[in-house]
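For reference, the chains in residue letters:
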Amino acid sequence: MGFKVAIAGATGNVGREMLNILAERGFPADEVVPLASARSQGTEVSYGDRTLKVANLENYDFSDTDICLMSAGGDVSKRWSPKIGAQGCVVIDNSSAWRYDQDVPLIVPEVNADAVEGFRKKNIIANPNCSTAQLVVALKPLHDAAKIKRVVVSTYQSVSGAGKEGMDELFQQTRAVFVADPVETKKFTKRIAFNVIPHIDVFMEDGYTKEEWKVLAETKKMLDPKIKVTCTAVRVPVFIGHSESVNIEFENEITADQARDILREAPGCLVIDKHENGGYITPVECAGEDATYISRIREDATVENGLNIWVVSDNLRKGAALNAVQIAELLINRGLIKPRKAAA
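Residues numbered from 1 in each chain as written. Predicted model: local features only at pLDDT ≥ 70, side-chain atom pairs only at ≥ 80, totals over all residues. Heavy atoms only, no water.

Per an unreviewed UniProt entry, the recorded name for the protein chain is Aspartate-semialdehyde dehydrogenase, and the organism is Agrobacterium cavarae. Check the Subunit (unreviewed entry) section of the UniProt entry for the protein chain; it says "Homodimer." The UniProt entry for the protein chain carries the following text under Sequence similarities (unreviewed entry): "Belongs to the aspartate-semialdehyde dehydrogenase family." (UniProt positions renumbered as here; feature names shortened; annotations may be inferred.)

Structure follows, in structure tokens:
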């Protein structure tokens, strides 16, 4: 007897990717139900070689559903996740709505799988921010080896992080530039085509943006509250794939060669690091892939025990949909949930 899985926000970029990944990985689901708002009811979405019709989240009964992968935004999640959890269905939420709640585990399976045990308090598990997910996958094995003191990260985030509207805007603006049409800006604060924008999410009182704060807060929650983290988040004209330049200061000595060996053995990591033209990864090559890619591993001579690394991953997959499915697999593999239909 397999599980019954609902996907809330199934018509969005991440929701569609969740459906793809469930099918690709042969997730043990007897039934998969795509959900969205009333506006999208009846829309068709792909699940493996099948086509499914989207149902309305507003009137869906979760009483016999085992897992809900929630990718419908923070406001929808705040309203619906507690109700769904109260019906006995485990919510794995992709928004920022629950990440900082003490009663909600924030999980990247390669990093802090044991923390998932606390999910029963609210029946909600949080997926981290896309930038944080790939960052902590790379940092965790290095932290275990040499204890990280401080991290300085600059992100180069693709427009898909802003949803379909972000991807559409880059496409439309690029076309407008080539044919000398006026460039219209709607989704982003400035033109994104052939430009970079050092601004993601809302500004906070200290001058950092919410996106930058998320990387700090989530890294501390999942990895170690003692680590000092500072971040600059930048939107770049790339469709899929977030990149990060990461400067790390350690308590203990670690060489670039040691780091390379550690990361080659680490779960979820793939090292591509040759000191030659093209001997590194770029976002174009990571699109559609599951791994967190690490390149440009080198020592930082300006601090004691310092390293620089370049981290790239598909933000729709490891940064969102894949991580959510991996959390669901973790629950099943540890025997923390059983199909409710089988129990009935």
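Back to the text.
K.L.:
An account of the UniProt feature "binding site: substrate" (unreviewed entry) in the protein chain is needed here, citing residue identities and associated values.
P.N.:
Listed under "binding site: substrate" (unreviewed entry) in the UniProt record, and renumbered for this structure, are Gln157 and Arg235. Taken together, the annotated residues stretch across 79 residues yet fold into one region, lying no more than 4.8 Å apart by C-alpha. Locating glutamine 157 in the fold gives a position in strand S9 (residues 148-157). Note on glutamine 157: relative accessible area 1%, which makes it buried. Non-local contacts of glutamine 157, meaning those with residues more than four positions away in its chain, are made with Cys130, Ser131, Ile200, Glu211, Ala233, Val234, Arg235, Val236 and His242. Counting through the fold element by element, arginine 235 comes out in strand S10 (residues 228-235). Ignoring sequence-local partners within four residues, the contact set of arginine 235 consists of Gln157, Ser158, Val159, Gly161, Ala162, Phe188, Ile192, Asn195, Val196, Ile197, Ile200 and His242. (Helix = DSSP H or I, 4+ residues; strand = E, 2+ residues; numbered from the N terminus. Buried < 20%, exposed > 50% of the residue type's maximum accessible area, 1.4 Å probe, protein only. Contact = heavy atoms within 4.5 Å.)

K.L.:
Would you mind going over the pattern of salt bridges in detail, with residue names and values included?
P.N.:
A full pass over the atoms with the stated rule returns 24 salt bridges. Here arginine 79 ties to glutamate 58 by a salt bridge, and the two come within 3.1 Å at their closest N and O atoms. Highlighted residues: arginine 79 in helix H2 (residues 74-86) and glutamate 58 in the loop between strand S5 (55-56) and strand S6 (67-70), separated in sequence by 21 residues. Look at arginine 79 and you get partly exposed, because its relative accessible area is 45%. Its relative accessible area of 43% is what places glutamate 58 among the partly exposed residues. Aspartate 261 is the partner of arginine 264 in a salt bridge, and the nearest nitrogen-oxygen pair spans 3.8 Å. Taken as a pair, arginine 264 and aspartate 261 lie in helix H7 (residues 256-265) at a separation of three residues, close to a single helical turn. Accessibility expressed as a relative area gives 45% for arginine 264, which makes it partly exposed. Here the salt bridges do not stand alone but share partners, grouping Glu17, Glu24, Arg25, Asp290, Arg317 and Glu329 into one network. (Salt bridge = Lys/Arg side-chain N within 4 Å of Asp/Glu carboxyl O.)

K.L.:
Report on the sheet that holds S9, specifying residues and quantitative values.
P.N.:
The six strands lie next to each other as S10-S9-S11-S14-S13-S12, forming an open sheet whose pairing is mixed. Each edge of the open sheet carries a strand with a single partner, namely S10 and strand S12 (269-271). Ignoring which end each strand starts from, the neighbouring axes of this sheet average 25 degrees apart. With eight bridges joining them, S9 and S10 adopt parallel strand pairing. Note on S10: the bridge partner recorded for threonine 155 is alanine 233. Packing against the sheet, helix H4 (residues 130-146) makes contact with S9, strand S11 (242-250), S12, strand S13 (292-300) and strand S14 (306-313), and its axis sits at approximately 25 degrees to S11. (Pairing = 2+ DSSP bridges. Axes fitted to C-alpha atoms, helices over the stretch in contact; angles between N-to-C directions.)

K.L.:
Describe the packing of helix H1 (residues 13-24) against helix H9 (residues 317-333), naming the residues involved and giving the relevant values.
P.N.:
Geometry of a packed helix pair, given as the angle between the helix axes and the separation of the axes. Orientation of H1 relative to H9, taken along the N-to-C sense of each, is 50 degrees, at an axis distance of 9 Å. In this view, H1 runs oblique relative to H9, as classed from their interaxial angle. In this structure, the crossing between H1 and H9 has a hand that is right-handed. Residues Val14, Glu17, Met18, Ile21, Leu22 and Glu24 of H1 form the contact with H9, whose participating residues are Arg317, Ala320, Ala321, Leu322, Ala324 and Val325. Looking at the contact of H1 with H9 residue by residue, the class counts come to nine nonpolar, no polar and three charged. (Parallel < 35°, antiparallel > 145°, perpendicular 65-115°, else oblique. Left-handed = near helix turned anticlockwise from the far one by under 90°. Nonpolar A, V, L, I, M, F, W, Y, C, P; charged D, E, K, R; others polar.)

K.L.:
Can you tell me about the UniProt feature "active site" (unreviewed entry) in the protein chain, naming the residues and giving the values?
P.N.:
The positions that UniProt labels "active site" (unreviewed entry) are, in the present scheme, Cys130 and His242. These annotated residues cover 113 residues of sequence, but their C-alpha atoms sit close together, with the largest distance between any two at 8.1 Å. With respect to the helices and strands, cysteine 130 occurs in helix H4. Look at cysteine 130 and you get buried, because its relative accessible area is 14%. The contact partners of cysteine 130, leaving out residues within four places of it in the chain, are Gln157, His242, Asn315 and Gly319. Mapped onto the secondary structure, histidine 242 falls in strand S11. Here histidine 242 falls in the buried class, since its relative accessible area comes to 0%.

K.L.:
Give me the packing of aromatic side chains: which residues, what numbers.
P.N.:
Taken as a whole, this structure holds four aromatic pairs when the rule is applied. Aromatic pair phenylalanine 178 and phenylalanine 194: ring centres 5.8 Å apart, planes at 80 degrees, arrangement edge-to-face. Highlighted residues: phenylalanine 178 in helix H5 (residues 164-178) and phenylalanine 194 in the loop between H5 and helix H6 (210-222), separated in sequence by 16 residues. The same class applies to phenylalanine 178 as to phenylalanine 194, namely exposed. (Phe/Tyr/Trp six-rings, centres within 6.5 Å; stacked < 30°, edge-to-face > 60°.)

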